[in-house]
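Single-letter residue listing:
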Amino acid sequence: MKRLFSYILLCLLIFWIKPGYSQISRGADTAEIYLHCFWHANNLHYFYSILRSINNGREFSIQYTYDTHGSEPNPTLTGDSASGALILDYAGSDSLKVSFDFGSTFETRFVFPGKQWIVGGCVSGELYYESNDVNYPGLYRSVNFGSITTLMNSNFAMNSLMEVGALPGEVYSVVWPYVWDTIGLAFSIDYGCSFITSII
């Protein structure tokens, strides 16, 4: 019984430690998609890669590979409407990286205090992020890949930023729990300055 318990515990640890992160994101060009995923491991170092396809995923090329040095960040790759532009965001980190060469190289553009969530806008360079920093709470917007940000809504900390719409100014958020155990869908048409919430 002891061996069975040890075996089960070992299997759970292997599955818990093994990275399995993968994500797909849009590109700006027709039929362009990006796959951001765990690629391989070597001596407890996890290598992630950003792969690009220009034919709807039939073929991929490796654009960028990086070593996590044994830790497993949870980066999010976001596409932009400008050709070649990508945003790489690390959960729990105050930094943001931007690429202008289809993900081949990345540069840090800005440090966001208390940044929790990044969503790419519908126009080139537009980003929205939610901050939970006690000195800078709220919803922020940038129109130049994070170099300069503007506070849009200081009361946004109760929401969870999720997505943008197809038209400039449209921002969606989820409020849970909204009333008892319901979910609220918050929608803005003024770049997040105000929201109308409906119960789902």
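Our subject is the structure that appears above.
Residues numbered from 1 in each chain as written. Predicted model: local features only at pLDDT ≥ 70, side-chain atom pairs only at ≥ 80, totals over all residues. Heavy atoms only, no water.

Participant: Would you mind going over the packing of aromatic side chains with me for this structure?
Facilitator: We describe a pair of aromatic rings using the distance from one ring centre to the other and the angle between the two ring planes. In total, this model carries 5 aromatic pairs according to the counting rule given. An angle of 90 degrees between the planes, with centres 5.0 Å apart, marks the rings of Phe 100 and Phe 145 as edge-to-face. On the criterion of sequence distance, the pair formed by Phe 100 in the loop between β7 (95-99) and β8 (107-111) and Phe 145 in the loop between β11 (138-142) and β12 (149-153) is long-range, its members being 45 residues apart. With centroids separated by 5.0 Å and ring planes inclined at 35 degrees, the aromatic side chains of Tyr 172 and Phe 187 adopt a geometry described as tilted. Here the residue Tyr 172 occupies a position in strand β14 (residues 171-175), and Phe 187 occupies one in strand β15 (residues 184-188), the gap between them amounting to 15 residues. The exposure class of Phe 187 is partly exposed, given its relative accessible area of 26%. Above the face of the Phe 102 ring, Arg 52 is positioned so that its terminal group lies 4.0 Å from the ring centre. (Phe/Tyr/Trp six-rings, centres within 6.5 Å; stacked < 30°, edge-to-face > 60°. Helix = DSSP H or I, 4+ residues; strand = E, 2+ residues; numbered from the N terminus. Buried < 20%, exposed > 50% of the residue type's maximum accessible area, 1.4 Å probe, protein only. Lys NZ or Arg CZ within 6 Å of the ring centre and 35° of its normal.)

Participant: It is not clear to me how the side chain of Ser 25 should be interpreted in this structure. Could you clarify?
Facilitator: For Ser 25, the position within the fold is in strand β1 (residues 22-26). Note on Ser 25: relative accessible area 10%, which makes it buried. Looking at Ser 25, its side chain comes within polar contact range of the main-chain oxygen of Leu 77, at 3.5 Å. Residues in contact with Ser 25, not counting those within four places in the same chain, are Ile 33, Tyr 34, Leu 77, Thr 78 and Gly 79. (Polar contact = N/O pair within 3.5 Å; in protein donor to acceptor, adjacent residues only side chain to side chain. Contact = heavy atoms within 4.5 Å.)

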